[in-house]
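The residues making up each chain are set out below.
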Amino acid sequence: MIHRKGSLAKLFDNVYKHRATRQEKEQVDRWYNQLDLKNGPIFSDEQTEEQVRIRMLANLNRHISGNGKTFRPQRLPVWIRTVAAAALFLIGGTALVTYNIQFKTDGTQFSGHQNDILPGGDKAFLTLSDGTMVALSTAENGQIAVQEGLEVEKTSEGEIIYQTNRIAARNVNVFNSIVTPNGGQYRITLPDGSKALLNAASSLTYPVHFSNRERRIKMTGEVYFEIAKATNSKNKRIPFFIETDKQEIQVLGTHFNVNAYKNESMVKTTLVEGRVKVKSHQGQTVLLKPGQQALLTDQLWVETVDIQQQLAWKNGDFIFKSENLQSVLRQIARWYDIEVVCPEHLETLRMNGMISRSKPLSTIIDMIETTHENKITLTLKGRRLIVTN
């Protein structure tokens, strides 16, 4: 099914502005019913497809979730639900309105922007116990160092792992640290077998050997953990502790996420499975069940949260559900390694949507501008993103 350039855009424009005739609504119904779910709709002009998708998804975002509510198709008129379903099938199906625009791949211009910034990637710096710093993004795969009875290796998948060698030294007072810059993330398997994925602008400091009494590390930024179970010579579990500048987390074997950026208003600890105990430096303590999140400001409390949204960064996405623009821009600034300038009166605008973190910055800009059409403009100057209205 081939659409002439501009005809589909005009049709959807009429739908969204409530100017669609009965015939136009029926045409949308027919279009959806004829959708080839295997290959998706075909357009006569690739650029037209880009423009239609971004307009369609942005307007659907305003109609479906403009009030900050979760998308519930059954509450919408049939013809609106049809358009929503068509849009969702365009991008593979999801519970959120998803921005998934395909752009030219020449690496120079995207969506009309004169300059662009590529997303972050696997970048980090490993500091060894002797002070040696290794840039992991440029280090060759294989053995990086041997220290305190361990071999430090970089795998072909871009991960740091610690392997025991024949030397039996076990100095628990020797530490390593890994730091990701803005625009970086990295995976590491700690000496006890626990796994961690660091988001941008994050760090872990950990001993090369853990003691038989406890395992303790320090972190900043945001890290997703999969803690390995460990026992001592008496077959007793060795607890795992994670310290941030405002709290301590005790773990017995679990998967969870900690967001402890200093420029965020609260520390968030989100439990996926297992159990953890969160203790603030003021002495407040909470126990988390899977699907719960501990939030810490001056007080510590627990809420049930959307795990998919909280772990979106780990899965390679941004997911915004009635999230204020200030929070959105902070996430963007860290991942794309940019500076953001936004007037205070615009920071409270709300965002809903989902987009891959692998997209260039221009895609994010288009998403924000089309979601708040005629309200804000985002201008990229070098590595500085300026928001105006």
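Just so it is clear, the model here is predicted, and its values are computed rather than measured.

This part is about the overall build of the protein. Counting its regular elements, the protein contains seven helices and 25 strands. Counting every position in the protein, which comprises 389 residues, the buried fraction comes to 51%. Within the protein, contacts between residues at least 6 apart in sequence are counted, and of these 56% link residues at least 24 apart. Counting every atom, the protein has about 19200 Å² of accessible surface; 45% of that belongs to carbon and sulfur.

A word on the pattern of salt bridges. Summed over all chains, the structure comprises nine salt bridges. Between glutamate 214 and arginine 216 there is a salt bridge, and its shortest N-O distance comes to 2.9 Å. Owing to a relative accessible area of 25%, arginine 216 belongs among the partly exposed residues under this scheme. One continuous salt-bridge network, built from bridges that share partners, spans Glu214, Arg216, Glu243 and Glu248.

With that settled, consider the confidence of the model for the protein. Here the protein averages 78 in pLDDT, and 69% of its residues register 70 or above. Every residue in residues 1-6 scores below 50 in pLDDT, and together they form 14 contacts with partners more than four places removed in sequence or on other chains. Low confidence marks residues 32-112, where pLDDT is under 50. Its contacts with residues over four positions away, or in another chain, come to 135 contacts.

Okay, the nonpolar core next. Within the largest apolar cluster, 43 residues are counted, with the highest numbers of intra-cluster contacts made by Ile178, Ile188, Leu204, Phe225 and Phe256. If you tally residues by element for this core, the top one is strand E12 (residues 215-226), at four residues. Phenylalanine 256 has contacts with Val223, Tyr224, Phe225, Ile227, Ile242, Ile249, Val251, Thr269, Thr270, Leu271, Val272 and Val276, leaving out every residue within four places of it along the chain. The next biggest cluster of nonpolar side chains, apart from the first, holds 27 residues, and it includes Ile117, Ala200, Ile364 and Leu385.

Below, the discussion takes up helix H6 (residues 325-336). Taking 1.5 Å as the rise per residue, H6 with 12 residues should run 16 Å; its terminal C-alpha atoms sit 16 Å apart, in good agreement. Among the 12 residues in H6, 10 count as buried, and that is most of the element. Every buried residue of H6 is listed here: Leu325, Ser327, Val328, Leu329, Arg330, Ile332, Ala333, Arg334, Trp335 and Tyr336. Count one or two residues on from H6 and you reach aspartate 337, which has phi positive near 55°.

Overall, mixed pairing links the three strands, which are arranged E22-E25-E24 in an open sheet. In this open sheet, the two strands that pair with only one neighbour each are strand E22 (339-341) and strand E24 (377-381). Sheet twist, expressed as the mean angle between neighbouring strand axes with direction ignored, is 20°. Strand direction decides the pairing type here: E22 and strand E25 (residues 384-388), joined by three bridges, are parallel. Note that in E25 the partner of valine 340 across the bridge is leucine 385. Across the face of the sheet, helix H7 (residues 361-371) comes into contact with E24 and E25 while running at roughly 160° to E24.

Within the secondary structure layout, lysine 359 lies in the loop between strand E23 (350-356) and H7. We classify lysine 359 as buried; its relative accessible area is 11%. Linking lysine 359 and leucine 118, residues 241 residues apart in sequence, is a C-alpha distance of 7.2 Å.

This part is about the side chain of glutamate 264. Position of glutamate 264 among the secondary structure elements: in the loop between strand E15 (255-260) and strand E16 (267-273). The residues contacting glutamate 264, other than those within four sequence positions of it, are Asn259, Arg330 and Arg334.

Taken together, the side chains of Phe125, Met133 and Val179 define a hydrophobic patch exposed on the protein surface, amounting to about 270 Å² of accessible area. Take phenylalanine 125: its relative accessible area is 34%, and that puts it in the partly exposed class.

All right, on to unusual backbone geometry then. With a phi angle near 55°, alanine 201 is a residue other than glycine that sits in the positive phi range. Secondary-structure assignment places alanine 201 in the loop between strand E10 (195-198) and strand E11 (202-207). On the accessibility criterion, alanine 201 (28% relative accessible area) is partly exposed. Non-glycine residue aspartate 337 carries a positive phi angle of around 55°. Assignment of secondary structure puts aspartate 337 in the loop between H6 and E22.

What counts and what doesn't
- Residues numbered from 1 in each chain as written.
- Predicted model: local features only at pLDDT ≥ 70, side-chain atom pairs only at ≥ 80, totals over all residues.
- Heavy atoms only, no water.
- Helix = DSSP H or I, 4+ residues; strand = E, 2+ residues; numbered from the N terminus.
- Buried < 20%, exposed > 50% of the residue type's maximum accessible area, 1.4 Å probe, protein only.
- Contact = heavy atoms within 4.5 Å.
- Areas by Shrake-Rupley, 256 points an atom, 1.4 Å probe, with all protein chains shown as cover.
- Salt bridge = Lys/Arg side-chain N within 4 Å of Asp/Glu carboxyl O.
- pLDDT = per-residue confidence, 0-100.
- Core = buried A, V, L, I, M, F, W, Y, C linked by side-chain atoms within 4.5 Å.
- Expected span 1.5 Å × (residues − 1).
- Pairing = 2+ DSSP bridges.
- Axes fitted to C-alpha atoms, helices over the stretch in contact; angles between N-to-C directions.
- Patch = residues over 30% accessible without salt bridge, like charges linked within 9 Å, V, L, I, M, F, W, Y side chains within 5 Å.

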